[in-house]
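This is what each chain is made of:
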Amino acid sequence: MRYGLLAVVLIGVATLGGCTDGVLDPKGPIALAERQILLNALGIMLAIVIPVILAILGAAFWFRASNERARYRPDFTYSGRLELLVWSVPAMTVLLVGGVAWVGAHDLDPGKPISSTVKPVNVQVVSLDWKWLFIYPEQGIASVNKLVVPVGTPINFELTSSSVMNSFFVPQLGSQIYTMSGMATRLHLQADHLGTYAGVSAMFSGEGFPDMRFTVDAVTDDGF
């Protein structure tokens, strides 16, 4: 029992060790809200999965060959109460998880500006072959594969592509969104903590796809 408990603890620590620098380690309000949606959905599903697993183990134990008290009913064909239970539980799960996703999808609409008293910074993003171009129209500067943003300031992104369809994603800030040639998509993010965060292309887009990585440096206003 002691070794079994130790194994569970070690597996849990090893698993949680991979949660850094990802969606479970949010550094902004959008990513924080998205993590909460994931945890809410997980809690709803576990409320169903765990009792089902326990019921399976309990049924297997009760109807074991050595238990003479278990009733053998080979002619049993139908039970209205059992049928209601079997279908109502997954139906409730779908409704609850769907409700969480529905509300979250509207609250975290990528095109919805972040409510803040701080003036947002506008950044134009262009996915190239095979790199990311970031343009600051108000500052008159641009950078490649490096995005610098001030902490605590909403960032208004306008994204497009020079060629193939791509996907812009900063896991610790949230909200993956596509870039498409001849179209402009909008995204609003914010970094609440100083640091450097990894950005990736979350969609295979050709031979140079592995090189389409960039960094996001969240700095103070003085550094920006």
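Cut-off values and rules
Residues numbered from 1 in each chain as written. Predicted model: local features only at pLDDT ≥ 70, side-chain atom pairs only at ≥ 80, totals over all residues. Heavy atoms only, no water. Helix = DSSP H or I, 4+ residues; strand = E, 2+ residues; numbered from the N terminus. Expected span 1.5 Å × (residues − 1). Bend = angle between axes of the 7 residues up to and from the residue. Buried < 20%, exposed > 50% of the residue type's maximum accessible area, 1.4 Å probe, protein only. Contact = heavy atoms within 4.5 Å. Polar contact = N/O pair within 3.5 Å; in protein donor to acceptor, adjacent residues only side chain to side chain. Pairing = 2+ DSSP bridges. Patch = residues over 30% accessible without salt bridge, like charges linked within 9 Å, V, L, I, M, F, W, Y side chains within 5 Å. Areas by Shrake-Rupley, 256 points an atom, 1.4 Å probe, with all protein chains shown as cover. Salt bridge = Lys/Arg side-chain N within 4 Å of Asp/Glu carboxyl O.

(A) Layout of helix α2 (residues 29-62). The terminal C-alpha atoms of α2 lie 49 Å apart, and with 34 residues this matches the ideal 50 Å at 1.5 Å per residue to within 8%. Of all the bends in α2, the largest measures some 30° and sits at Leu 46. If you check which residues of α2 are buried, you get Ile 30, Ala 31, Ala 41 and Ile 44. For α2, the secondary structure elements touched by its buried residues are α3 (80-107), β7 (174-179) and β8 (185-189).

(B) The arrangement of the environment of Glu 138 in detail. In this structure, Glu 138 sits in the loop between β2 (132-136) and β3 (141-144). Considered as a pair, Glu 138 and Leu 24 are 114 residues apart in the sequence and their alpha carbons are 33 Å apart. Here Asn 122 takes part through its side chain, which lies 2.6 Å from a polar atom of the side chain of Glu 138.

(C) Expanded view of the pairing of strand β10 (residues 213-219). Alignment of strand β4 (residues 146-150) against β10, held across five bridges, turns out to be parallel. Across the sheet, residue Lys 146 finds its bridge partner in β10, namely Thr 215. With six bridges joining them, strand β9 (residues 195-201) and β10 adopt antiparallel strand pairing. Each bridged residue has a counterpart across the sheet, and for Ala 198 the counterpart in β10 is Thr 215.

(D) Examining a nonpolar patch on the surface more closely. On the surface, a cluster of nonpolar side chains totalling about 790 Å² of accessible area is made up of Leu 39, Leu 42, Met 45, Leu 46, Val 49, Ile 50, Ile 53, Leu 54 and Leu 57. On the basis of relative accessibility, which here comes to 44%, the residue Ile 50 falls in the partly exposed class.

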